[in-house]
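A look at the structure
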Amino acid sequence: MWSVVSASDLPVGERFDWFSDTLSREVVPTALSTERPAEFQAEAAVLELGELRVARLEFSPLNSRRTPALIRRGDPGQYQLGLMRGGRAFLAQQRNECRVGAGDILLWDTSRTSDVQTAADDGLVRLAMLQLPQNALPLNLDRLGRLLAHRIPGDQGVAAVLTAFVDALEGHGGQCSPAELHRLGTVAVDLVAACLAQHLDAEAELPPEVRTQALLQRVYAFIDHNLADPALTPSAIAARHHVSVRTLHQLFRRQDDAETVQARIRRRRLERCHSDLARPELMGHPVNAIAARWGFSGPAVFSRSFRERYGLTPTEFRALSVQRDRAVCASS
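To keep things clear, this report deals only with the structure shown in the data block. (Residues numbered from 1 in each chain as written. Predicted model: local features only at pLDDT ≥ 70, side-chain atom pairs only at ≥ 80, totals over all residues. Heavy atoms only, no water.)

**Details of the overall build of the chain**
Defined as follows: Helix and strand definitions here come from DSSP, where helices need a minimum of 4 consecutive H or I residues and strands a minimum of 2 consecutive E residues; each element is numbered from the N-terminal end. Accessibility here uses a 1.4 Å probe with only protein chains present; expressed as a share of the type maximum, an area under 20% marks a residue as buried, one over 50% as exposed, and anything in between as partly exposed. Contacts between residues were defined by any pair of non-hydrogen atoms, one from each residue, lying within 4.5 Å. Throughout, the Shrake-Rupley method with a 1.4 Å probe supplies accessible areas, and for residues the shown protein chains are the sole cover considered. Think of it this way: Lys and Arg go in the positive column, Asp and Glu in the negative one, and His and the chain ends go nowhere. Think of each charge as sitting on NZ of Lys, CZ of Arg, CG of Asp or CD of Glu.
Each helix and strand in the chain was counted, giving 12 helices and 12 strands. Projected onto its principal axes, the C-alpha positions of the chain cover 70 × 55 × 35 Å. Residues classed as buried in the chain amount to 47% of the 332 residues present. Here the analysis covers contacts within the chain between residues at least 6 apart in sequence; of these, 70% occur between residues at least 24 apart. Just so you have it, the chain exposes about 16,800 Å², and 50% of that area is on carbon and sulfur atoms. Computed over 39 positive and 39 negative side-chain charges, the separation of the two mean positions in the chain equals 5 Å.

**Points about unusual backbone geometry**
One non-glycine residue, Q94, lies in positive phi territory at about 55°. Tracing the backbone through its elements, the reader meets Q94 in the loop between β7 (88-93) and β8 (96-100).

**Quick word on the pairing of strand β3 (residues 42-49)**
The two faces of the sheet receive side chains in turn, since in a regular strand these alternate between them. Keep this limit in mind: By this definition, two strands are paired if DSSP reports at least two bridges between them.
In this sheet, β3 lies alongside strand β1 (residues 3-6) in antiparallel orientation, the contact comprising four bridges. Bridging from a neighbouring strand, V4 pairs with A45 of β3. As defined by bridge partners, β3 adjoins strand β4 (residues 52-59) across eight bridges and the pair is classed as antiparallel. Bridge pairing in β4 links L49 to L52.

**What to know about the nonpolar core**
As a reminder of what qualifies: In this description, a nonpolar core means a group of buried Ala, Val, Leu, Ile, Met, Phe, Trp, Tyr and Cys residues linked to one another through side-chain atoms lying within 4.5 Å.
Ranked by internal contacts, the top residues of the largest apolar core, which has 44 residues, are L52, L81, L130, L137, L162, V192 and L196. Counting only elements with at least two residues in this core, the list comes to β3, β4, β6 (78-86), β9 (104-109), β11 (125-133), α4 (157-172), α5 (178-200) and α6 (208-225). By residue number, the principal contributor to this core is α5, which donates 12 residues. Residues contacting V192, with those up to four places away along its chain left out, are L81, L130, L132, L137 and L162.

**Focus: the sheet that holds β7**
Put simply, the test is: Every axis corresponds to a line fitted to the C-alpha atoms, with the helix fit spanning only the stretch in contact, and the corresponding angles, defined between N-to-C directions, vary from 0 to 180 degrees.
Ordered by their spatial adjacency, five strands build an open sheet running β2-β5-β10-β7-β8, and the pairing between neighbours is antiparallel. Each edge of the sheet is formed by a strand with only one pairing partner; in this case those strands are β2 (31-33) and β8. With direction set aside, neighbouring strand axes in the sheet form an average angle of 10°. With three bridges joining them, β2 and strand β5 (residues 63-66) adopt antiparallel strand pairing. When the bridges of β5 are listed, A31 appears paired with R65.

**Side note on the pattern of salt bridges**
For the record, the criterion: Put simply, a salt bridge is a Lys or Arg side-chain nitrogen that is within 4 Å of an Asp or Glu carboxyl oxygen.
Per the counting criterion, the structure on display carries 20 salt bridges. Note that R53 is salt-bridged to E48, the shortest N-O span being 3.0 Å. The exposure class of E48 is partly exposed, given its relative accessible area of 42%. Linking E271 and R268 is a salt bridge whose minimum nitrogen-to-oxygen distance equals 2.5 Å. Of this pair, E271 and R268 both sit in helix α9 (residues 261-277), separated by three residues, roughly a single helical turn. When salt bridges with common partners are traced through the structure, they connect D224, E259, R264, R267, R268, E271 and R309 into a single cluster.

Written out as structure tokens, the structure reads:
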């Protein structure tokens, strides 16, 4: 479950000092400054994933400095990877500098001095941050230094898969059990390693299990992106990822749930249809149109699959959703 804290619970005059103290205590000692402390806003949410922690941060623009004295005061020995959700940032570290905006990824090292400046057009900087031990990444530390304060586009290659994975964590991670969260943490570390290795041209240095996990996550992302295509088949997926169909099936069989490729495609299509059928703004769309939109070949196949998974026909589920929405509106 996400642990959430917010400055909005405090008097306005105390919010910046609270955020500064919280960040130094819970993340890393750092010196913060802001031009408008009396207008400062901030909220933080944290999800523990075994050796990795995910933090979701929203805050008014500020500057942050990590000095040698602050490093001596406290250093968790982490790499911290930020996914910019909104706003802009300038980061200087290890004689490197970069400017990033929404959608970009950047990496920094808590054991090195750093200087960060942030800005936002709508008042808040939004950032998802992964904190992981330096020894968790199976990559040469000297080579990793080349990526510190280096802009990584979040919509390309493995970085896009990592971004989609963190999106899913933010949306659904709070519903997972501790054991599931620990497994997700392992996947996250493997994706971070694969992302950084790709930008270092060092993918051959990764352990086979890391490369396998990165491939699996790329396949998952490809399936989700192409659910609307009726021609989405194991053969098409294997060809897109330059593996044989046999290798693709073996990849899925090695997972804990042993879900087949076709079963995953069907499940993800059903989940999208289930979501659309519950949306009030789509009530005018025929059930069969929604099924076709997500790649089902015909109404009979869709209706049977939907009933098997949810215990109701699509029409029955939509009718119940309408009744529920009306009851909610009547009670509000």
